[in-house]
Amino acid sequence: MADISSYAYRWPHGDLAADSHWSPTPSGRFLTRSMPESLADLEGDSRWPSFFPCPLVLVTTRDGDRVLMEKVVGASVVNRFPYTLALSFCTQSLSSRHYVRRTFIDALERSGSAAVQFLPPGPALDAAMKAILEGPEEHTDQRIRASGLATRPARTNDAPVFADAHMVYECRLVKPGRDFEGVAINARPYADVGSHRIFFLEINSIQLRRDIARGQSQIHWRALPLFTPVLDSTTAATGDADEALKRLGYVKGYTPRYAFPSAGTTAFEADGEADGMAYKDLAPLPEDQVEVDNDRARWPCFFPSSVGMITSWTADGKANVMPCGSTTIVSRHPLVVAPCVSYAAINDRYARRQSLDDIRRLGRFGCGVPFISEAMVDAIRYSGNVSIVDDGDKLGHAGLSLAEGGASPLIDQMPVHFDCKVTGEIRLGTHVMFLGEVERLFVRADVSPANPLEWIPWADVRPVEGA
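### Considerations on the overall build of the chain
Counting its secondary structure elements, the chain contains 10 helices and 30 strands. Relative to a compact globule of 467 residues, whose C-alpha radius of gyration would be 23 Å, the chain shows 21 Å and is just as compact. Along the three orthogonal principal directions, the C-alpha set of the chain runs to about 60 × 55 × 50 Å. In the chain, 74% of the contacts between residues at least 6 apart in sequence involve partners at least 24 apart. Total accessible area computed for the chain in this model is approximately 18,600 Å², and 49% of it derives from carbon and sulfur atoms.

### Topic: helix α8 (residues 354-362)
Every buried residue of α8 is listed here: S355, L356, D358 and I359. Elements that come into contact with the buried residues of α8 comprise β20 (308-313), β21 (319-324), β23 (336-342), β24 (364-369), β27 (416-427) and β28 (431-444). Where α8 terminates, the next one or two residues include G363, which has phi positive at roughly 70°.

### Focus: the nonpolar core
Core analysis: the largest hydrophobic core is formed by 92 residues, its most contacted members being V116, Y169, F303 and F418. In contact with V116, not counting residues within four places along its chain, are V57, L58, V59, L85, L87, M167, V168, Y169, C171 and F303. Judged by nonpolar contacts, the second largest core, of 26 residues, contains L119, L125, A154 and W458.

### Description of the environment of S96
Assignment of secondary structure puts S96 in the loop between β7 (84-90) and α2 (102-111). Taking the C-alpha atoms as reference points, S96 and A17, 79 residues apart in sequence, are found 27 Å from one another.

### Remarks on the side chain of E137
By the element assignment, E137 lies in the loop between α3 (123-134) and α4 (143-147). Those residues in contact with E137 that lie beyond four places of it in its chain are Y99, V100, R101, R102, T103, F104 and R143.

### Some details on the environment of L410
Mapping L410 onto the fold places it in strand β26 (residues 410-411). L410 gets classed as buried once you look at its relative accessible area, which sits at 2%. Sequence separation of L410 and C367 is 43 residues, and the distance between their C-alpha atoms is 8.5 Å. Excluding its chain neighbours within four sequence positions, the residues that come into contact with L410 are F30, S401, L402, A403, E404, G405, H417 and F442.

### Comments concerning the packing of aromatic side chains
Overall, the coordinates contain 16 aromatic pairs when judged by the stated rule. Judged by centre distance (6.4 Å) and plane angle (90°), the ring pair of F81 and F180 falls under edge-to-face. Linking F81 in the loop between β6 (76-79) and β7 with F180 in the loop between β12 (177-178) and β13 (184-185), this pair joins segments that are 99 residues apart in sequence. Owing to a relative accessible area of 1%, F81 belongs among the buried residues under this scheme. Ring centres of Y169 and F303 lie 5.2 Å apart, and the angle between their planes is 90°; on these two criteria the pair is classed as edge-to-face. Highlighted residues: Y169 in strand β11 (residues 167-173) and F303 in the loop between α7 (286-289) and β20, separated in sequence by 134 residues. Summarising the burial analysis for this pair, Y169 and F303 share the class buried. Members of the aromatic cluster, each reached through a chain of ring pairs, are W221, Y258, F260, F302 and W455. The side chain of R155 reaches across the aromatic face of Y279, ending 3.6 Å from its centre. A cation over an aromatic ring shows up here: R197 above the ring of Y190, its NZ or CZ 4.0 Å from the ring centre.

### Considering the pairing of strand β15 (residues 196-209)
Judged by how many residues are buried, β15 sits mostly within the fold: 13 of 14 residues are covered. Pairing of β7 with β15, which is carried by 7 bridges, proceeds in the antiparallel orientation. The residue bridging T84 from the neighbouring strand is E202, located in β15. Pairing geometry for β11 and β15, over 7 bridges, is antiparallel. Bridge pairing in β15 places C171 opposite I203. Looking at chain direction, strand β14 (residues 190-193) and β15 are connected through 4 bridges and run antiparallel. Directly across from D192, in β15, lies its bridge partner R197. Adjacent in sequence and paired antiparallel, β14 and β15 are bridged by 2 residues, among which G194 carries a positive phi angle near 55°. Sheet topology places β15 next to strand β19 (residues 277-281); 5 bridges connect them, and they run antiparallel. Within β19, the residue paired with I206 across the bridge is K280.

Conventions adopted
Residues numbered from 1 in each chain as written. Predicted model: local features only at pLDDT ≥ 70, side-chain atom pairs only at ≥ 80, totals over all residues. Heavy atoms only, no water. Helix = DSSP H or I, 4+ residues; strand = E, 2+ residues; numbered from the N terminus. Rg over C-alpha atoms; globule rule 2.2 N^0.38 Å. Contact = heavy atoms within 4.5 Å. Areas by Shrake-Rupley, 256 points an atom, 1.4 Å probe, with all protein chains shown as cover. Buried < 20%, exposed > 50% of the residue type's maximum accessible area, 1.4 Å probe, protein only. Core = buried A, V, L, I, M, F, W, Y, C linked by side-chain atoms within 4.5 Å. Phe/Tyr/Trp six-rings, centres within 6.5 Å; stacked < 30°, edge-to-face > 60°. Lys NZ or Arg CZ within 6 Å of the ring centre and 35° of its normal. Pairing = 2+ DSSP bridges.

Written out as structure tokens, the structure reads:
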């Protein structure tokens, strides 16, 4: 098994308690700071002022004779029908880290298509990242050549695909259409949000390395960060959560240590094989993709994502929480958190969520960052399957409790919390993307450089023993 610990990202970078931007809450359990920070502070250190676990992807496109490559932090599947990816690119010059990605943006808009792809940790990925980091923005079209990596054309568009990629999502900018309720969607294929432009791309085809598709190898993904809590957490847990889940007709599973394919995942139903890859083409119209069966309506392949614990207040003042795997950060200034919440009534998996109405009513939500622990996984599993409509003490039965602090419910067990006001929403087909400008950050006092959150933004590929 390869050691990918060298790819780990650890946060925080410095002692928050010694930073004048942060101050303790009255109980001392959290440190907090107001947002947005000044442009001068941002230029001094433009890294995210708090931590959210996001994947990294490589994106390529072709613009005439030029082939271009960029990396994107926080690419996310944001809608199921049509199957849609969101990619966010900086459009404002904020710092040496956050600068205008004009060359790639212009090429993507002209070509209308891209390949979002994944290389396992190792020499090929290192070469691609080195070419991106050392190649200036105006020479984006020279990065692939500088990497020395071999490419071939995508199947459904002109974007280059790396021969070393183990998974490729081929996509095009979304086109105007209507959702299942007849409402117009996708009038434009992008939205400008703060310092970034979010592009929405419909997935046309997925390529998966043949040995993975055949079950000889697996993609391994750790979907939550590692963290060791030091402070004791209170809990309001009552009743038997496992018994409550057994009473449900359909239960969505969850594991933070994900392996694809496996007995717990949907099979990759390939249409054929070419160039050492199995491929699956997706129907262009959402009504042609829909399966009534809950399991077959899952994502047709693995896509790396984490979980945001989205909190809100109900009309009668109860704290609600909903784990959301389609949560990402889409803007740096202001810092904008964007969870995507289902509104379409298709089946048990894709149904209207109570959180949708709660967030709209108050125009606020919170986003907590969970971590790997047995209790946290139980909380995610329970709160992801049980509606507060059916359980008025959903938070307590999930084994979670409230802390003092934010305008949105602040969960005591979460090491990081973003307190957000809604500045807009984007209707995508089956999901609404809420744009939540972060007004306040909360970080538990036991999070420190000596006891950090650890995150690896890349998935690994390993042979299956005995395959």
